Amino acid sequence: MILSSTAAIPVYHDLLAGRRQAVAWGVTGAMPYLLLQSPHPFLFIVDQNPELWGRRILGIPVRPPEHLAELDPEVTAVVITADFDRFGNAIAAQIAELGNHPAVRWMEPEMLSSLLGPIVPPSTEWLSGWPGPLNTAFWSDPVRFCSEALQRHARPPRVEFGVPPHACLWVGGLATGGAERQLVYLALGLRACGWRVTLVTQFPPGPAADNYVRRVDEAGVDRFEMPFPREFWGGMENGLLERHRPALECSAAFLRHVTHAVATSVETLDTLTPDLLVGFLDIGCMASGIAGLLTGVPHILMCGRSVNPTHFPELAPLCREPEMLPALYRLLLEHRSVRLANNSTAGAASYAEWIGMPAAGIGVVPNAVDLEALSQVPADAGIRWRARLNISPETPVIVGVFRLTEEKEPFVFLDVVERVHRHNPKVQALLVGDGPLRATLAERIRERGLSEVLRPLGRQADVFGILKAGDLLLQTSRMEGMPNVVMEAQALGLPVVATSVGGTRECLAPMLHDFTADAGDANALATHCLTLLASRERTELGKEAAAHIARKASIPAMTQRMLRAAGWPGPDTGSFEFTGV
């Protein structure tokens, strides 16, 4: 029988006390990480695949299911390491036939800690061929263990740079997010400086990232996709464990997907030997920070999220306990070759407070805008979109571009449009974006009788053309870093009405600061929209904003700021001046 999490508690206590012996069921690609993060030993691993029988994984034998029948259910428990959703029922049926041993699902370390409290493993050397105390240290004080492991294994930074210099940019995968966009811009900027650039990812590009792939490929950026666990570990012999020991020890505080990211990054960077390593988002910061130190990368820059990750409860955890992540940031920043950057002063302050460090210690690198791509938007793109949507040239149009998620406040956007329309019935609004709140928003639009006023367009490829169809951009978020669309709208000559959250004011041209309001203040936002729509100076404001963005937010400017934030030596950049992007 497979026990629930609560019912499994006594079984886990028995395993930790040595009153029961454990058998794992199911070999997975991530098996080495599961074994290394287990607080108790396994007698053997059961698997249905005859080709695996007789092999050893990190010293633990793989055997057919029939061997379970030889064990007493009173002193044995099965830990299901296979994909439970796919195979759980079938495994339960087999266990019942073999002696009805109690069975529990394999639990992530943070789940075990929450259920069992402080964990003390019964053994420190149960993994054959593994002499170190990783298993015990993982549960006792993993951050301290990471620190000591880094002291043992970190290589001195290399002092000789390549000609041309080589940059590796680390991200989980190319997708349509803002961080990925800035990574692509940085890759283009560095290539324009004459650098060799490699994009390092964990996963294949997302379905909507074709444009990013085309841009980096055309610019001569190399792309390297790191292997998945099964491919990385191959036969899972003990020799591989010793080979990857530095990475595994230095990632003792992480959950297995981050541990894998660190281990594969070390192998990748050992081959690529970059002079500059830039990691994006928190998993990229951790993987590139640790792997960069283990491979002697001389300049490592961690680029965090728009605000610290406590603002994103939907994100998968990286560490066993939440407080371990800021402690690991502090640990990495103790090394002179590692620095941290954010795209806004507000974002830097958010990370600084969370990590427990001065905000001045975090570099601020504002986002860039692809001015070349914007210059290629056809002059009549807005006219054609209005014709396609049957909107006359005289109709005032408000545009919104954002994901339909809670932090973007789509219902506040609806409130503002309703108020504006009440005072100016000719106004129409276009909303570009998709997300989990799309159906609810559509229902509320119908309930308020605004179906002919506010048009949700879903995800669109030609966002710039739709922006040119508008008279102003409305942004209603309650949380932002440095919103790309706010900068792009200004670059296209579109005035912006926005909430003054995060780094939004930082990326607005000074002449538009008067058109900001507090988050959730629909009345003030509607008033600003009505003022701009009625203003004869609206077009001139748009032109001034476009000139401001062209001066401050180009890809070359962002690239140079990123190099300075990484501590790249100024004199060495002189021979790699921009030739154009």
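Residues numbered from 1 in each chain as written. Predicted model: local features only at pLDDT ≥ 70, side-chain atom pairs only at ≥ 80, totals over all residues. Heavy atoms only, no water.

Go over the overall build of the protein, please, and point to the residues and values.
Each helix and strand counted, the protein has 26 helices and 19 strands in total. Here the protein has a C-alpha radius of gyration of 27 Å; the compact-globule value for 581 residues is 25 Å, and the two agree. Oriented by its inertia axes, the alpha-carbon framework of the protein measures out at about 85 × 60 × 40 Å. The proportion of buried residues among the 581 residues of the protein is 57%. Relative to all contacts within the protein whose residues are 6 or more apart in sequence, the contacts with residues 24 or more apart total 73%. Split by element, the accessible area of the protein, about 24,000 Å² in all, is 52% carbon and sulfur. In the protein, which carries 50 positive and 61 negative side-chain charges, the distance between the mean positions of the two groups comes to 5 Å. (Helix = DSSP H or I, 4+ residues; strand = E, 2+ residues; numbered from the N terminus. Rg over C-alpha atoms; globule rule 2.2 N^0.38 Å. Buried < 20%, exposed > 50% of the residue type's maximum accessible area, 1.4 Å probe, protein only. Contact = heavy atoms within 4.5 Å. Areas by Shrake-Rupley, 256 points an atom, 1.4 Å probe, with all protein chains shown as cover. Lys, Arg positive; Asp, Glu negative; His and termini not counted. Charge placed at Lys NZ, Arg CZ, Asp CG, Glu CD.)

Outline the pattern of salt bridges, listing residues and values.
The tally for this structure, following the rule as stated, stands at 23 salt bridges. Within this structure, Asp14, Arg19 and Arg20 form a network of salt bridges that share partners. (Salt bridge = Lys/Arg side-chain N within 4 Å of Asp/Glu carboxyl O.)

I'd like a description of empty space enclosed by the protein, backed by residues and values.
For the coordinates displayed, the defined rule picks out 3 cavities of 30 Å³ or more. What the second largest cavity holds in volume is close to 50 Å³. What lines the second largest cavity is simply Tyr12, Gln37, Ser38, Pro39, His40, Trp106, Met107, Glu108, Pro109 and Leu112. Looking at the lining of the second largest cavity, its residues break down into 6 nonpolar, 3 polar and 1 charged. (1 Å grid on protein atoms, 1.4 Å probe; cavity = no way out; pocket = protein on both sides within 12 Å on 5 of 7 lines; lining within 4 Å. Points joined across faces, edges and corners; volume = space filled by probe spheres on them. Nonpolar A, V, L, I, M, F, W, Y, C, P; charged D, E, K, R; others polar.)

How would you explain the confidence of the model for the protein if you had to name every residue and give the values?
For the protein, the mean per-residue pLDDT works out to 90, and 93% of the residues sit at or above 70. Between residues 124–134, whose pLDDT stays under 50, and residues either more than four places distant or in other chains, the model counts 29 contacts. Per-residue pLDDT stays below 50 along residues 571–581; that stretch engages in 24 contacts with residues further than four places along the chain or on separate chains. (pLDDT = per-residue confidence, 0-100.)

Explain helix 17 (residues 381–388) to me, and be specific about the residues and the numbers.
Those residues of helix 17 that fall on the buried side of the exposure criterion are Ala381, Gly382, Trp385 and Arg386. Buried residues of helix 17, seen end-on, are gathered within an arc of 135 degrees and therefore sit on one face of the element. Pointing more than 90 degrees away from the buried face of helix 17 are the exposed residues Ile383, Ala387 and Arg388. Once helix 17 finishes, asparagine 390 follows within two positions and takes phi at roughly 60 degrees, a positive value. (Arc of directions from axis to C-beta.)

I'd like a rundown of the layout of surface pockets, residues and numbers included.
Reported here for the second largest pocket is a volume of approximately 580 Å³. For the second largest pocket, the lining is made up of 31 residues, of which Ala30, Leu34, Trp106, Glu108 and Arg256 are closest to its centre. The set of elements that each furnish at least two residues to the lining of the second largest pocket consists of helix 2 (31–36), helix 3 (84–97) and helix 12 (256–272). Residue contributions to the lining of the second largest pocket peak at 4 residues, all from helix 12.

For the sheet that holds strand 3 (residues 56–57), give the residues involved together with the corresponding values.
The 6 strands lie next to each other as 3-4-2-1-5-6, forming an open sheet whose pairing is mixed. The sheet is open, and its two edges are formed by strand 3 and strand 6 (103–105), each paired on a single side. Sheet topology places strand 5 (residues 76–80) next to strand 6; 3 bridges connect them, and they run parallel. Residue pairing for strand 6: valine 79 is matched across the bridge by valine 104. Sitting on the sheet, helix 1 (residues 9–17) is in contact with strand 1 (21–25), strand 5 and strand 6, with an inclination near 110 degrees to strand 5. (Pairing = 2+ DSSP bridges. Axes fitted to C-alpha atoms, helices over the stretch in contact; angles between N-to-C directions.)

Explain the sheet that holds strand 17 (residues 472–475) to me, using residue names and the numbers behind them.
Two modes of strand pairing occur in sheets, parallel and antiparallel, and in both the strands are linked by backbone hydrogen bonds. The sheet built from 6 strands is open, its strands ordered 16-15-14-17-18-19 with parallel pairing. Here the strands that pair on one side only, and so sit at the sheet edges, are strand 16 (454–458) and strand 19 (516–517). Both strand 17 and strand 18 (residues 496–499) contribute to a ladder of 3 bridges, which runs parallel. Note on strand 18: the bridge partner recorded for leucine 473 is valine 496. Its contacts with the sheet put helix 18 (residues 410–423) on strand 14 (397–401), strand 15 (428–432), strand 16 and strand 17, and the angle it makes with strand 14 is roughly 180 degrees. The sheet strands contacting helix 21 (residues 484–491) are strand 14, strand 17 and strand 18, and the helix crosses strand 17 at an angle near 170 degrees.

Any details on the packing of aromatic side chains? Residues and values, ideally.
What describes a pair of aromatic rings is the distance from one ring centre to the other and the angle between the planes of the rings. Enumeration over the complete set of coordinates arrives at 9 aromatic pairs. Residues tyrosine 33 and tryptophan 233 carry aromatic rings whose centres are separated by 5.7 Å and whose planes lie at 80 degrees to one another, so their mutual orientation is edge-to-face. Placement of tyrosine 33 in helix 2 and of tryptophan 233 in helix 9 (residues 229–233) is noted, with a sequence separation of 200 residues between them. Per residue, the accessibility class of tyrosine 33 equals that of tryptophan 233, and both read buried. Pairing tyrosine 329 with tryptophan 354 gives two aromatic rings, centres 5.6 Å apart and planes at 70 degrees, and the pair type is edge-to-face. Linking tyrosine 329 in helix 14 (residues 324–333) with tryptophan 354 in helix 15 (residues 345–355), this pair joins segments that are 25 residues apart in sequence. One aromatic cluster is present, formed by Tyr33, Phe232 and Trp233 through successive ring pairs. Its end group placed over the ring of phenylalanine 145, arginine 152 keeps NZ or CZ at 5.7 Å from the ring centre. The ring of phenylalanine 312 has arginine 305 sitting right over it, with the charged end atom 5.7 Å from the ring centre. (Phe/Tyr/Trp six-rings, centres within 6.5 Å; stacked < 30°, edge-to-face > 60°. Lys NZ or Arg CZ within 6 Å of the ring centre and 35° of its normal.)

Explain the side chain of arginine 215 to me, and be specific about the residues and the numbers.
Position of arginine 215 among the secondary structure elements: in helix 8 (residues 210–218). Judged by relative accessible area, which is 17%, arginine 215 ranks as buried. Setting aside chain neighbours within four positions, we find arginine 215 in contact with Val184, Leu188, Asp370 and Ala373.

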